[in-house]
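Chains, contacts and geometry: an overview
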Amino acid sequence: NMGKRHALHAGFQRATSDIVATIDSDSIARPNTLAELMAPFAESKVAGVAGRVMVWNRYQNILTRMLHVRYLLGFDFVRAYQSRLGTVWCCPGALQAYRLDVIRPHLDAWLHQRFLGARCTNGDDHALTNLVLSLGHDTRYQSTAEVFTIVPSTYVRLCKMYIRWGRSATREGFRALAFTPRRALQRGPLRGVAIALDALAQPTAIVLRLASIGGGAWLAFTSPIWLVRSLLASTLLALPY
């Protein structure tokens, strides 16, 4: 019991196929899911593919209903437009596939990845995607390759999930800035600018969130009514989703 990354590493090392795919233990695939996931590999430059992850327990309570919308936006909007750029920034561990000859030489470094001196135990999927992109390959989103996953139904578990996601997104978002300029230059002016802006969005969002926490604390002491108004406004904007 050495963790998920070690388990994946053992599987990748034993694999004999050209393509390797991963799925989470709490996820349910359709009979044709793997076949659909292979389709983008018809292009030689594609080395990583993200599947479509949907919520299995969507109707359990209000949190799972909200997460259903979050997943729809994250896949059918965010990853869909990133796929047009050949740069899906995170192929999800719940359903992802890679060319084995691309990732195998770098698996030991990925297994022992460290950030600010600490061993990386989360975000193995995001780190693998960054590896593929940093080597100059493309990643795509395949919407017809579907898997259903069980999402948190309590607030505590929801927070734990978002903390995991936040840690890996922060780490890998900053790592991506190292190879983004090279990738953007190779993709031409239009796609290159779009890729660069997309890469900058994650670090910028982190700064804005930190600023919003500070701003919220300042409003709580100086003008509580404006804090209530801003929270109400953000809630009303979110309700249509």
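These figures come from a predicted structure and were not determined experimentally. (Residues numbered from 1 in each chain as written. Predicted model: local features only at pLDDT ≥ 70, side-chain atom pairs only at ≥ 80, totals over all residues. Heavy atoms only, no water.)

**Regarding the side chain of Arg99**
Turning to its location among the elements, Arg99 is positioned in strand E4 (residues 95–99). Although Arg99 is buried, it forms no salt bridge, and the closest oppositely charged side chain is Asp101 at an N-O distance of 5.8 Å. Within the structure, the side chain of Arg99 is placed 2.6 Å from the backbone oxygen of Val46, a separation counted as a polar contact. Filtering out sequence-adjacent residues up to four positions away, Arg99 remains in contact with Asp18, Ile19, Phe41, Glu43, Ser44, Val46 and Ala47. (Helix = DSSP H or I, 4+ residues; strand = E, 2+ residues; numbered from the N terminus. Buried < 20%, exposed > 50% of the residue type's maximum accessible area, 1.4 Å probe, protein only. Lys, Arg positive; Asp, Glu negative; His and termini not counted. Salt bridge = Lys/Arg side-chain N within 4 Å of Asp/Glu carboxyl O. Polar contact = N/O pair within 3.5 Å; in protein donor to acceptor, adjacent residues only side chain to side chain. Contact = heavy atoms within 4.5 Å.)

**Some thoughts on the pattern of salt bridges**
Side-chain pairs of opposite charge can arise whenever the charged atoms involved come near each other. In total, this model carries 11 salt bridges according to the counting rule given. As a salt-bridge pair, Asp124 and Lys4 come within 3.9 Å of each other at their nearest N and O atoms. Of this pair, Asp124 sits in helix H6 (residues 124–134) while Lys4 sits in helix H1 (residues 4–14), placing them 120 residues apart in sequence. Asp138 is the salt-bridge partner of Arg183, the closest N and O atoms lying 2.9 Å from each other. With Arg183 in helix H7 (residues 155–186) and Asp138 in strand E7 (residues 138–149), the pair connects residues that are 45 residues apart, well separated along the chain. Taking the relative accessible area as the measure of exposure, Arg183 reaches 2% and is therefore buried. For Asp138, a relative accessible area of 2% corresponds to the buried category. Salt bridges sharing partners connect three or more residues here, namely Arg30, Arg52, Asp76 and Glu146.

**As for the sheet that holds strand E2 (residues 27–29)**
A sheet is described by the order of its strands in space; here five strands give the open sequence E1-E4-E3-E7-E2, paired in mixed fashion. Of all the strands in the sheet, just strand E1 (19–23) and E2 have a single pairing partner and so form its edges. Between one strand axis and the next, the sheet turns through 35° on average, direction left out of account. Bridge analysis of E1 against E4 gives five bridges, and the strand direction is antiparallel. Counted as the bridge partner of Thr22 is Gln96 from E4. Packing of H6 onto the sheet brings it into contact with strand E3 (46–55), E4 and E7, and relative to E4 it is tilted by some 35°. (Pairing = 2+ DSSP bridges. Axes fitted to C-alpha atoms, helices over the stretch in contact; angles between N-to-C directions.)

**Considering helix H3 (residues 62–84)**
For H3, built from 23 residues, the straight-helix expectation of 33 Å at 1.5 Å per residue is met to within 8% by its first-to-last C-alpha distance of 33 Å. When we look at burial in H3, the residues that qualify are Leu63, Thr64, Leu67, His68, Tyr71, Gly74, Phe75, Arg79, Gln82 and Ser83. If you follow the buried residues of H3, they end up packed against E3, E7, H7 and helix H8 (188–222). For H3, the capping residue at the N-terminal end is Asn61, with a side-chain oxygen 3.0 Å from the backbone nitrogen of Leu63. (Expected span 1.5 Å × (residues − 1).)

**Quick word on the nonpolar core**
Core analysis: the largest hydrophobic core is formed by 38 residues, its most contacted members being Phe12, Val20, Tyr71, Tyr98, Ile103, Trp110 and Leu128. The residues contacting Trp110, other than those within four sequence positions of it, are Arg5, Leu8, His9, Phe12, Asp124, Ala127 and Leu128. Membership of the second largest hydrophobic core comes to seven residues, among which are Trp89, Ala176, Phe179 and Ile195. (Core = buried A, V, L, I, M, F, W, Y, C linked by side-chain atoms within 4.5 Å.)

**Here we look at the pairing of E4**
One face of the sheet, then the other: side chains in a regular strand alternate in exactly this way. With five of its five residues buried, E4 lies for the most part within the structure. The side-chain alternation of E4 yields two buried faces, one formed by Leu95, Ala97 and Arg99 and the other by Gln96 and Tyr98. Two elements, E3 and E4, share three bridges in a ladder whose sense is antiparallel. The residue of E4 that forms the bridge with Val49 is Ala97.

**Description of the side chain of His68**
Note on placement: His68 falls in helix H3. With relative accessibility at 13%, the residue His68 sits in the buried group. Not counting chain neighbours up to four residues away, the residues in contact with His68 comprise Val55 and Arg58.

**Structural notes on a nonpolar patch on the surface**
On the surface, Leu73, Phe77, Tyr81 and Tyr241 cluster together into a nonpolar patch covering about 450 Å² of accessible area. If you trace the backbone, Leu73 turns up in helix H3. A relative accessible area of 35% places Leu73 in the partly exposed class. (Patch = residues over 30% accessible without salt bridge, like charges linked within 9 Å, V, L, I, M, F, W, Y side chains within 5 Å. Areas by Shrake-Rupley, 256 points an atom, 1.4 Å probe, with all protein chains shown as cover.)

Coordinates in, geometry out; function isn't part of it.
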